[in-house]
Each structure stands twice: as C-alpha cells, then as structure tokens.
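Structure assessment
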Amino acid sequence: MGSAERASVLVVDDEPQVLAALEDTLEKDFRVLIANTPQRGLEILKAEGNLSVILSDQRMPGIMGHDFLARAQQVSNATRLLITGYSDIDAVIAAVNEGKIFGYVSKPWDRAALKIVVYKAVEHHTLVQELHEREERFRQLAENIRDVFWMISAGTGEGIYLSPAYEEIWGRTRQSLREHPESWLEAVHPEDRQPIVESRGIVMRHGHPSALEFRVIRPDGSVRNVRERMFPVCDDGGRLYINGHDIAWSACDNTTSAYSTPARCAFVRSVLKAEYVA
C-alpha cells in the first residue's frame, strides 16, 4: 500500500508506552493518529472525515473502551477494534453489543498478527463504504423513475424493496402492500391475474425472464395498463445471487416508461454484486 493510499487509523489508549508501541507497529503501513483519552479520541473523530479504523483500549480512566466505541459509532463509520490485556469475556461481549466492534486484539500482541487484523478492518470499511455508495445510487435511481420497481425473495416470496412509483400506478400506498402482500395482485383485473401467477411461477422455478401486460384497477375505478418485466438477478456467470437461503429478484416497468430496461437491469446486477459481498 503506497503512502498516498494509506488508510487512517485512530489509536486510543491512556498508556503512553502502549500508544508509542502501537504507533511504531502500524505507522509504516497506515496513517496513524493517537489519542491518550477517549475525549481526545472523539474530538479527532469529529475533525477527521476519512478514518478507516478505530483501535481502542478497553481499560481506561473515566470510560471503558466499549463505551467509547459505542459513542464513536455515532460520529464515525470507521471500523472498530478493541484491544485489551484482560481476559474479560464480559467486556468483549459488551464491545460487540454496544460498540458493534469488528474484532479484538489481546495484549501482548504479535506485531504481524496485529497488522493483519487492522488490514482486514480496513478492507471491511472499504467494502461497507462501497456498499453504501451503491445503495444510495440504487435508491436515487429507483425513487426517480416512473417505473414501479420491486425486489422479492425467491426463497420466501418476501418483499425486499418497492419503489414510490407503486403508489402512482396502483393508486395505493406502499404501507398497504406491506400490510397485505397480495393486495397488488387483487388490484389486477380478474381476467389478467392467472397469467401473472403462472409467469411468476416460471421465473421462480426456472429463472427465465418473463414479460406480460395486464390491467390495474385503481380505487377510484380508473384502469391503468401495465407492462411487467420480471427477471432473476444474476452475476456475470449467470449464477443467482443468494443471501442466506434467499435469492434476489426484481421487476417491473409500466407502459409509459422512457427508460431502458436492459440498462436498468445491468445496473441492478451491479448494485447487488456489491450488496452480497459484505
């Protein structure tokens, strides 16, 4: 890792000798900032906007390490590590639950092992940042197109995302769909429902994209003509993205769309590729 690319690491410990030793271990590979009190650590976090990792001692006067890390996550998205010389499982559990730590290091530490842990924490931070950026791009896309866009789990059928355009096309709130998951289908003209059910089953079972048109009857009695495209979200090798036991899917666009469905699908695949890495 070149000097221009070095990630920033904040080290917080009340013992000067420990701070010096940690700085000496890490400074060749990372940009190291040090704080001898939790209060000073919080000040640095508020002033520095690009920190990747926080490495905090557990036993410090005035505030414990897990409490400091819990406060730190309110002002920084840096990955958090706890360092302690005490065999205190309760402290580690508290750090996990309250400070949401990525990992911990025991004193005395092995220099090489410590570097590996910090490198992994930096990689985790980078992946999380990339995911957040992708999610924001996805949100902006999905919430600013006229198409209705949603994703469902092929494993459970549970809804993962539904764009605001649903309310305009269906004339119903997204909350109503959350409360009654089949209400979108109930709003479809009775003559058009069975083809939708059959098409959805084919996509779920075989992973083949489908396209069909149907009519949506809005609460005011008006009818909207809808063209639906349903497709599995796959990687470049054609494999479905799997999250636990679920598979990510997405659908569909309406007849007034001015957007390119293939281009949008490619972008969705790109978003999900990042989503399931972390």
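Residues numbered from 1 in each chain as written. Predicted model: local features only at pLDDT ≥ 70, side-chain atom pairs only at ≥ 80, totals over all residues. Heavy atoms only, no water.

**Comments concerning the overall build of the protein chain**
The helix and strand inventory of the protein chain stands at ten helices and twelve strands. Relative to its 278 residues, the protein chain shows a buried fraction of 43%. For the protein chain, the accessible area works out to roughly 14,700 Å², and carbon and sulfur atoms hold 50% of it. (Helix = DSSP H or I, 4+ residues; strand = E, 2+ residues; numbered from the N terminus. Buried < 20%, exposed > 50% of the residue type's maximum accessible area, 1.4 Å probe, protein only. Areas by Shrake-Rupley, 256 points an atom, 1.4 Å probe, with all protein chains shown as cover.)

**As for the packing of aromatic side chains**
For the structure on display, the rule yields three aromatic pairs. Taking the centre distance of 4.8 Å and the plane angle of 55° together, the rings of F30 and Y119 count as tilted. On the criterion of sequence distance, the pair formed by F30 in the loop between α1 (16-26) and β2 (31-35) and Y119 in helix α5 (residues 111-143) is long-range, its members being 89 residues apart. (Phe/Tyr/Trp six-rings, centres within 6.5 Å; stacked < 30°, edge-to-face > 60°.)

**Side note on the pairing of strand β1 (residues 8-12)**
Residues in a regular strand project their side chains so that they alternate between the two faces of the sheet. A large share of β1 lies buried, amounting to five of its five residues. By the alternation rule, side chains of β1 split into S8, L10 and V12 and V9 and V11, which are all buried. Alignment of β1 against β2, held across five bridges, turns out to be parallel. The residue of β2 that forms the bridge with V11 is I34. Handedness of the crossover joining β1 and β2 through α1: right-handed. As paired elements, β1 and strand β3 (residues 51-57) share five bridges and run parallel to each other. Along β3, the bridge assignment pairs V12 with S56. (Pairing = 2+ DSSP bridges. Right-handed = clockwise from strand over helix to strand, strands pointing away.)

**A word on the side chain of S76**
Tracing the sequence through the fold places S76 in the loop between α3 (65-72) and β4 (79-84). Taking relative accessible area as the criterion, S76 reaches 12% and is therefore assigned buried. Within the structure, S76 has its side chain in polar contact with the backbone nitrogen of A78 (distance 3.1 Å). Apart from residues no more than four positions distant in its own chain, S76 is found in contact with L45 and I54. (Polar contact = N/O pair within 3.5 Å; in protein donor to acceptor, adjacent residues only side chain to side chain. Contact = heavy atoms within 4.5 Å.)

**Some thoughts on the pattern of salt bridges**
The final tally for this structure, using the stated rule, is eight salt bridges. As a salt-bridge pair, R215 and E191 come within 3.2 Å of each other at their nearest N and O atoms. With R215 in strand β8 (residues 210-217) and E191 in the loop between α8 (183-186) and α9 (193-206), this residue pair connects regions lying 24 residues apart in the sequence. The exposed category is assigned to E191, whose relative accessible area is 60%. Measuring nitrogen to oxygen at the nearest pair gives 2.9 Å for the salt bridge that ties R215 to D192. Of this pair, R215 sits in strand β8 while D192 sits in the loop between α8 and α9, and the two are 23 residues apart along the sequence. One network of salt bridges, with partners in common, ties together E191, D192 and R215. (Salt bridge = Lys/Arg side-chain N within 4 Å of Asp/Glu carboxyl O.)

**Considering helix α2 (residues 38-47)**
Along α2, the residues classified as buried are P38, G41, L42, I44 and L45. The buried residues of α2 all sit within an arc of 160° when viewed along its axis, so they share a single face. When the buried face of α2 is taken as reference, the exposed residues oriented beyond 90 degrees from it are K46 and A47. Its buried side turned inward, α2 meets β1, β2, β3 and α3. (Arc of directions from axis to C-beta.)

**Focus on the sheet that holds β3**
If you trace the five strands from one edge of the open sheet to the other, you get β2-β1-β3-β4-β5, paired in parallel fashion. Edge positions in the open sheet fall to β2 and β5 (103-106), since each of these has one partner strand only. Recorded for the sheet is a direction-independent mean angle of 20° between the axes of neighbouring strands. Bridge analysis of β3 against β4 gives five bridges, and the strand direction is parallel. The partner of L55 across the bridge, within β4, is L81. (Axes fitted to C-alpha atoms, helices over the stretch in contact; angles between N-to-C directions.)

**Some words on the packing of α2 against α3**
A packed helix pair is summarised by two numbers, namely the angle formed by the two axes and the spacing between the axes. In the contact formed by α2 and α3, the axes pass within 11 Å of each other and the chain directions differ by 20°. Comparing the axis directions of α2 and α3 gives the class roughly parallel. Crossing of α2 against α3: the hand is right-handed. Between α2 and α3, the residues in contact are P38, G41, L42 and L45 and F68, R71 and A72, respectively. Class assignment of the residues belonging to the contact of α2 with α3 gives a composition of five nonpolar, one polar and one charged. (Parallel < 35°, antiparallel > 145°, perpendicular 65-115°, else oblique. Left-handed = near helix turned anticlockwise from the far one by under 90°. Nonpolar A, V, L, I, M, F, W, Y, C, P; charged D, E, K, R; others polar.)

**Observations regarding the confidence of the model for the protein chain**
Per-residue pLDDT for the protein chain averages 77, and the proportion of residues at 70 or more is 73%. Under a pLDDT of 50 for its full length, residues 241-278 has, in the predicted model, 104 contacts with residues more than four places off or in other chains. (pLDDT = per-residue confidence, 0-100.)

**Some thoughts on α3**
Extensive coverage of α3 is indicated by the burial of six of its eight residues. For α3, the set of buried residues is G65, H66, F68, L69, A70 and A72.

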